[in-house]
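# Overview (structure and organization)
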Amino acid sequence: MKFLEDKDFKLLKKLISLNQWETKDFVFQYLNKIYSTIVETPEYIFAKGNIPIALVAHMDTVFEDDSNERDFMYHTPEGVLWNPNGAGFDDKAGIFSIFKIIEEGYLPHVIFTTDEEIGSEGAWKLVEDFPTQPFGDLKYVVELDRANEYDCVFYDCKNEEFWSYIESFGFVRAFGTSSDVKHISFAWDIAGVNLSIGYKYQHTKDEILNIGAMFETISKVKRMLDDADNLGCDFKYLT
């Protein structure tokens, strides 16, 4: 059973207490201490790292109106977090996970968007401003914004080699309708995937976060980042 360390509990608690624009400021301040190249606009933030994989999370939730009043409860025996009024783990868990990966010494490219929940408006603005990917070297894109524990969702990207590669890390292909990575990968002609980050019952007040599942995905993504130099070429977006 995976338990939250005190500093991780505090970070998650901080993230879910913030509305979208407070989250954006918090993310920028965090990245500004670590990355040397950051682009910030009202709609998105991205930073160039030294690992040719981009990690994506969105900064809004469906619980924006009273986000400052949010707290959560931690059921230690089950390793589950929840809030009776909904916590917004979709996608605060994704942001937390990217922070944890960076904290452990990895420096991937990162993208944080606004207004995913109302139509991926931040992602659309990103690809409008940057019709081609701005990182230079980019093998593929990973969004951490999927419910459940083992899902990998490729949307309309039909690159079967990429499917097999992602599934080799222990994910199982699932169906999804839309998320930021769908629009980003299509526009940039680079394969992308959305991975489970451990929450369930998103967009409802019954939402929970399975801590063990979240950290398992974090571990798998770190393995992907470790393997980046072994990839001979970029994974293209195929239809």
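Let us look at the structure shown here. If you're wondering where the values come from, they're calculated on a predicted model, not measured in any experiment.

With that settled, consider the overall build of the protein chain. Counting its regular elements, the protein chain contains seven helices and twelve strands. Taken over the C-alpha trace, the protein chain has a radius of gyration of 16 Å; the compact-globule value for 239 residues is 18 Å, and the two agree within 12%. Here the protein chain holds 239 residues, and the buried ones make up 56% of them. When the accessible surface of the protein chain is totalled, it reaches about 10,100 Å², and 49% of it is carbon and sulfur.

To continue, consider the side chain of Asp-60. Note that Asp-60 resides in the loop between strand S3 (51-58) and strand S4 (73-75). No salt bridge is formed by the buried Asp-60, whose closest oppositely charged neighbour, Lys-92, lies at an N-O distance of 9.1 Å. Within the local environment of Asp-60, its side chain forms a polar contact with the backbone nitrogen of Glu-116, the two atoms lying 3.1 Å apart. Within the structure, Asp-60 has its side chain in polar contact with the backbone nitrogen of Glu-117 (distance 2.8 Å).

Pairing in this open sheet of four strands is antiparallel, and the strands run S4-S5-S12-S11 from one edge to the other. Two strands close off the open sheet at either side, each with one partner strand: S4 and strand S11 (199-200). Sheet topology note: the strand S5 (residues 80-82)/strand S12 (residues 208-210) ladder contains three bridges and is antiparallel. Residue pairing in the sheet places Val-80 in a bridge with Asn-210 of S12.

Our focus in this paragraph is helix H1 (residues 6-16). If you check which residues of H1 are buried, you get Asp-8, Leu-11, Leu-12, Leu-15 and Ile-16. Taken down its axis, H1 places every buried residue within 125° of arc, on the same side. In this structure, the buried residues of H1 make contact with helix H2 (20-32), S5, helix H3 (89-103), S12 and helix H7 (211-226).

All told, the structure shown has 17 aromatic pairs when counted by the stated rule. Where Phe-135 meets Trp-188, the ring centres are 6.0 Å apart and the plane angle is 85°; that geometry is what we call edge-to-face. Here the residue Phe-135 occupies a position in the loop between helix H4 (121-129) and strand S7 (140-146), and Trp-188 occupies one in helix H6 (residues 180-188), the gap between them amounting to 53 residues. With centroids separated by 6.0 Å and ring planes inclined at 70°, the aromatic side chains of Tyr-140 and Tyr-165 adopt a geometry described as edge-to-face. Residue Tyr-140 is found in strand S7, and its partner Tyr-165 is found in helix H5 (residues 160-167); the two are separated by 25 residues along the sequence.

What follows covers the pairing of S3. Put simply, side chains in a regular strand alternate between the two faces of the sheet. Here S3 lies mainly inside the structure; eight of its eight residues are buried. Residues Ile-51, Ile-53, Leu-55 and Ala-57 of S3 are buried on one face, and the alternating residues Pro-52, Ala-54, Val-56 and His-58, pointing to the opposite face, are buried as well. Pairing of S3 with strand S6 (residues 108-113), which is carried by six bridges, proceeds in the parallel orientation. When the bridges of S6 are listed, Ala-57 appears paired with Phe-112. As paired elements, S3 and S7 share four bridges and run parallel to each other. By the bridge assignment for S7, Ile-53 is matched with Tyr-140.

The next thing to look at is the nonpolar core. Among the nonpolar cores identified, the biggest contains 62 residues, and Leu-31, Phe-112, Tyr-140, Ile-166, Leu-195 and Met-214 are the most heavily contacted of them. Looking at this core element by element, the count peaks at eight residues for H3. When neighbours within four sequence positions are excluded, Tyr-140 is seen to be in contact with Pro-52, Ile-53, Ala-54, Phe-162, Tyr-165, Ile-166, Ile-190, Ala-191, Met-224, Leu-231 and Phe-235. Of all hydrophobic cores here, the second largest spans 17 residues; its members include Ile-111, Leu-126, Ile-184 and Trp-188.

Right, let's talk about the state of the cysteines for a bit. Inspection of the entire model under this criterion finds zero disulfides. Between Cys-152, a free cysteine, and Cys-157, which holds the nearest cysteine sulfur, the sulfur-to-sulfur gap is 11 Å. By relative accessible area, which is 0% here, Cys-157 ends up buried.

Quick notes on the rules
Residues numbered from 1 in each chain as written. Predicted model: local features only at pLDDT ≥ 70, side-chain atom pairs only at ≥ 80, totals over all residues. Heavy atoms only, no water. Helix = DSSP H or I, 4+ residues; strand = E, 2+ residues; numbered from the N terminus. Rg over C-alpha atoms; globule rule 2.2 N^0.38 Å. Buried < 20%, exposed > 50% of the residue type's maximum accessible area, 1.4 Å probe, protein only. Areas by Shrake-Rupley, 256 points an atom, 1.4 Å probe, with all protein chains shown as cover. Lys, Arg positive; Asp, Glu negative; His and termini not counted. Salt bridge = Lys/Arg side-chain N within 4 Å of Asp/Glu carboxyl O. Polar contact = N/O pair within 3.5 Å; in protein donor to acceptor, adjacent residues only side chain to side chain. Pairing = 2+ DSSP bridges. Arc of directions from axis to C-beta. Contact = heavy atoms within 4.5 Å. Phe/Tyr/Trp six-rings, centres within 6.5 Å; stacked < 30°, edge-to-face > 60°. Core = buried A, V, L, I, M, F, W, Y, C linked by side-chain atoms within 4.5 Å. Disulfide = S-S within 2.5 Å.

Keep in mind that these numbers describe shape and distance, not what the molecule does.
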